[in-house]
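# Survey of secondary and tertiary structure
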Amino acid sequence: KRIPKQKKILGCSIKFFIEYILSKCPKSITILDFGKFGYHIDHIIPISIAKTQEEAEKLCHYTNFQPLWWRDNISKSNKLINTI
């Protein structure tokens, strides 16, 4: 069976991705809390640092995503934040 390219790049199903992102949120957050002035889905390592298509695709793996409150995401922009 052929795996769609988007699913192959993301590394999981959309259902799993949603569950993964929600597992990173405070308990009371639901998918309805995501949007322009709610939570955003952020690339931990910004996709803008990719130099090739292959690098960009690797940065689209589900493990490189995190939920961020909209103000934090706008503030972070495309910066690489050291989380250690």
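Look up a bit, the structure's there.
A brief structural summary.

What counts as what
Residues numbered from 1 in each chain as written. Predicted model: local features only at pLDDT ≥ 70, side-chain atom pairs only at ≥ 80, totals over all residues. Heavy atoms only, no water. Salt bridge = Lys/Arg side-chain N within 4 Å of Asp/Glu carboxyl O. Helix = DSSP H or I, 4+ residues; strand = E, 2+ residues; numbered from the N terminus. Buried < 20%, exposed > 50% of the residue type's maximum accessible area, 1.4 Å probe, protein only. Patch = residues over 30% accessible without salt bridge, like charges linked within 9 Å, V, L, I, M, F, W, Y side chains within 5 Å. Areas by Shrake-Rupley, 256 points an atom, 1.4 Å probe, with all protein chains shown as cover. Core = buried A, V, L, I, M, F, W, Y, C linked by side-chain atoms within 4.5 Å. Contact = heavy atoms within 4.5 Å.

### So, the pattern of salt bridges
According to the stated counting rule, one finds 3 salt bridges in the structure shown. Of the charged contacts in the structure, one is a salt bridge between Lys 15 and Glu 19, with a shortest N-O distance of 3.3 Å. Placement of the pair is Lys 15 and Glu 19 together in helix 2 (residues 14–23), with a separation of 4 residues, close to one helical turn. Across the salt bridge formed by Glu 54 and Lys 58, the nearest N and O atoms sit 3.6 Å from each other.

### Considerations on the environment of Lys 27
Note on placement: Lys 27 falls in the loop between helix 2 and strand 1 (39–43). Residue classification places Lys 27 among the exposed positions, given a relative accessible area of 86%. Here the alpha-carbon distance between Lys 27 and Pro 46, two residues 19 residues apart in the chain, equals 26 Å.

### Some thoughts on a nonpolar patch on the surface
Together, Ile 14, Ile 18, Ile 31 and Leu 32 make up a nonpolar patch on the protein surface, roughly 410 Å² of accessible area in all. Its location among the elements puts Leu 32 in the loop between helix 2 and strand 1. A relative accessible area of 75% places Leu 32 in the exposed class.

### Thoughts on the nonpolar core
Residues Leu 10, Cys 12, Phe 17, Tyr 20, Ile 21, Cys 25, Ile 29, Phe 34, Tyr 39, Tyr 62 and Phe 65 constitute the largest nonpolar core, which totals 11 residues. The contacts of Phe 34, once residues within four sequence positions are left out, are Ile 21, Leu 22, Cys 25, Ile 29, Tyr 39, His 40, Ile 41 and Pro 67.

### Focus on the side chain of Asp 42
Turning to its location among the elements, Asp 42 is positioned in strand 1. For Asp 42, a relative accessible area of 4% puts it in the buried group. If near-sequence neighbours (up to four positions away) are discounted, Asp 42 is found in contact with Asn 64, Phe 65, Gln 66, Leu 68, Asn 73 and Lys 76.

These figures capture arrangement, not role.
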